[in-house]
Amino acid sequence: MGSASRIGVVGATGAVGAVAVELLRARGHEDVRLFASSRSAGRKIGGRVVEEATPETLEAGGLDVALFSVGMSASLDLAPHAVRGGAVVVDKSAAFRLEPGIPLVVPEVNGERALEHDGIVANPNCCTIPLTTVLKPLHEAAGLRRIRVATYQSVSGAGASAMERLRAEPVEQHDLRADWDFDGEEFDEETKLREETRKIMELPDLPVSATCVRVPILVGHSEAVWIETEEPLTAAQARALLEAAPSVRVDERPSPAKAAGIDEVLVGRIRPDRSADNGLSLFIACDNLRKGAALNGIQILELLLARRRVAA
């Protein structure tokens, strides 16, 4: 899907930003400017020089849409300047996701919400995106009563530097980690997964319980999911619904290695959960740098550009 619209990638040298640059090129977007911190400014990526992301540069205009793949503090600091410069910001950090009035969007689930923005659209957490993509057709068919999920998240979710540390680490030192902020009861990653799922699915009271860990894998997040539905739904019915769902691929045994480098969410191990009424159990794997981050943001961007073309 090519376009003549002017696109900026802020955080272009990071793990997610680099994938976004690659995907934009593959999808035919040619007018792309790259931005990063002062440490990376001046580098060349695919023949483009990386500019320093400053308030002045972003507020000067010249962008229609800006994909932000930076940390929360940088997004809070820089995104308002890009909006004042005339861009719509699609932000990947947690800075705006749960803010009232700011759409939190997975295009296959609630894509119409992206068009209700006031300058900023939030791109969800890398586990919330595949989870809600899978939950959507099941909820439409039978209603959701309760969700329990355990995530097994690759180190790329912690950024390019974490990937380099894993590469340099002896195998015997590999272990599970939980490197998120902790409030004494749960990690903020677990809070995000619950609250973002509720917002995207528009089910503010949906019971969601999550346990998140980091595993010594470079790319690919996995999730074991147990759901209870309002109406009976057999495993065969769930499988048929998921086979027809957009951006979902049914695989008997999903894994991070299978998911790496592809755009679909893999889902399998679809079976009854006999510990609950109307219970189902399934397993999800997704490339957290693609559909779990950069691709979802680009899909949002393309929704915004499509509306711009219609309005013109």
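Just above, that's the structure.
Since the structure is predicted, the reported quantities are computational estimates derived from the model, not experimental observations.

(A) Here's a closer look at the sheet that holds strand 1 (residues 7–10). The strand order across the open sheet built from 7 strands is 3-4-2-1-5-6-7, with neighbouring strands paired in mixed fashion. Since the sheet does not close on itself, it has two edges, and those belong to strand 3 (44–45) and strand 7 (120–122), each with one partner.

(B) A look at the pairing of strand 4 (residues 48–52). By the bridge criterion, 3 bridges tie strand 2 (residues 32–36) to strand 4 in an arrangement that is parallel. From the neighbouring strand, L34 faces strand 4, where its bridge partner is V50. Two successive antiparallel strands, strand 3 and strand 4, enclose a turn made up of 2 residues, where G46 displays a positive phi of approximately 60°.

(C) Structural detail: helix 7 (residues 188–201). Between its first and last C-alpha atoms helix 7 spans 20 Å; for 14 residues at 1.5 Å apiece the expected length is 20 Å, and the two agree. Of the residues making up helix 7, those classed as buried are E189, E190, L193, R194, E196, T197, R198, I200 and M201. Residues of helix 7 that are buried make contact with helix 4 (107–110), helix 5 (128–142), strand 8 (144–153) and strand 9 (208–214). Backbone geometry just downstream of helix 7 places E202 in the positive-phi region, at approximately 60°.

(D) Main features of the pairing of strand 1. In strand 1, alternate side chains face the same way, and those of I7 and V9 on one face and G8 and V10 on the other are all buried. Pairing of strand 1 with strand 2 involves 4 bridges; the strand directions are parallel. Bridged to G8 within strand 2 is R33. A crossover links strand 1 with its parallel partner strand 2, the connecting element being helix 1 (residues 15–26), and its sense is right-handed. Alignment of strand 1 against strand 5 (residues 65–68), held across 4 bridges, turns out to be parallel. When the sheet's bridge partners are listed, I7 is paired in strand 5 with V65.

(E) Structural view of the pattern of salt bridges. For the structure on display, the rule yields 25 salt bridges. R239 is the partner of E243 in a salt bridge, and the nearest nitrogen-oxygen pair spans 3.1 Å. With E243 and R239 both in helix 8 (residues 235–243), this residue pair falls 4 residues apart, about one helical turn. Residue classification places E243 among the partly exposed positions, given a relative accessible area of 49%. One salt bridge connects R239 with E252, and the closest N-O pair in it is separated by 2.8 Å. Of the two residues, R239 sits in helix 8 while E252 sits in the loop between strand 11 (248–250) and helix 9 (256–259), which places them 13 residues apart along the sequence. Given the relative accessible area of 30%, R239 is considered partly exposed.

(F) Representation of unusual backbone geometry within the structure. Even without being a glycine, E202 presents a positive backbone phi close to 60°. Inspection of the secondary structure assignment puts E202 in the loop between helix 7 and strand 9.

(G) Structural view of the packing of helix 5 against helix 7. The interhelical angle for the contact between helix 5 and helix 7, taken along N-to-C directions, is 45°, at an axis separation of 10 Å. Taken together, helix 5 and helix 7 sit at an angle that is classed as oblique. For the pair helix 5 and helix 7, the crossing hand works out as right-handed. Contacts between helix 5 and helix 7 involve T128, L131, T132, L135, K136 and H139 from the first element and K192, L193, E196, T197, I200 and M201 from the second. Of the residues belonging to the contact of helix 5 with helix 7, the class tally is 5 nonpolar, 4 polar and 3 charged.

(H) The arrangement of the layout of surface pockets in detail. Space inside the largest pocket adds up to approximately 1000 Å³. If you go around the largest pocket, you meet 42 residues; those closest to its centre are S69, V70, G71, G157 and A158. Sorting the residues of the lining of the largest pocket by element identifies helix 1, strand 2, helix 3 (72–84), helix 6 (160–168) and helix 7 as the ones contributing at least two each. Tallied by class, residues from the lining of the largest pocket come to 17 nonpolar, 17 polar and 8 charged.

(I) Region of interest: the sheet that holds strand 8. Spatially, 9-8-10-13-12-11 is the arrangement adopted by the 6 strands of the open sheet, whose pairing is mixed. Edge positions in the sheet fall to strand 9 and strand 11, since each of these pairs with one other strand and no more. This sheet shows a mean twist of 20° between the axes of neighbouring strands, independent of strand direction. One ladder, built from 5 bridges, connects strand 12 (residues 265–272) with strand 13 (residues 279–286); its direction is antiparallel. Within strand 13, the position partnered with G268 by the bridge is F283. Of the strands in this sheet, strand 8 and strand 9 are in contact with helix 7, which crosses strand 9 at around 135°.

Cut-offs applied
- All residue numbers refer to positions counted from 1 along the written sequence of the respective chain.
- Note on the predicted model: pLDDT of at least 70 is required for a residue's local features to be given, and 80 or more for side-chain atom pairs to be given and counted; whole-chain, interface and lining totals, by contrast, use all residues.
- Processing note: side-chain calculations cover all non-hydrogen atoms of the structure and skip hydrogens and water entirely.
- At least two DSSP bridges between two strands are needed for those strands to be called paired.
- Secondary structure elements are defined from DSSP: runs of H or I of at least 4 residues count as helices, runs of E of at least 2 residues count as strands, and each element is numbered from the N terminus.
- For a helix, the expected span equals 1.5 Å multiplied by the residue count minus one.
- Each residue is placed in one exposure class: buried if its accessible area under a 1.4 Å probe, protein chains only, is under 20% of its type's maximum, exposed if it is over 50%, and partly exposed if it falls in between.
- It only takes one pair of heavy atoms within 4.5 Å for two residues to be counted as in contact.
- With the strands pointing away from the viewer, any crossover whose connection runs clockwise from the first strand over the helix to the second is right-handed.
- Salt bridges, as used here, are contacts in which a Lys or Arg side-chain nitrogen is within 4 Å of a carboxyl oxygen on Asp or Glu.
- The axes used here are C-alpha line fits, helices contributing only the stretch in contact, and every angle between their N-to-C directions lies in the interval 0 to 180 degrees.
- Each angle is binned into one of four classes, with values under 35 degrees roughly parallel, values over 145 roughly antiparallel, values of 65 to 115 roughly perpendicular, and all other values oblique.
- Note on convention: near helix rotated counterclockwise from far helix by under a right angle means a left-handed crossing. Clockwise means right-handed.
- Charged residues are taken to be Asp, Glu, Lys and Arg, nonpolar residues to be Ala, Val, Leu, Ile, Met, Phe, Trp, Tyr, Cys and Pro, and polar residues to be all remaining types, Gly included.
- A 1.4 Å probe that fits into a set of points on a 1 Å grid over the protein atoms alone but cannot get out defines a cavity; an open set with protein on both sides within 12 Å along at least five of seven lines defines a pocket, and lining residues are those with an atom within 4 Å of a point.
- Grid points are joined across faces, edges and corners, and a volume is the space filled by probe spheres set on the points.

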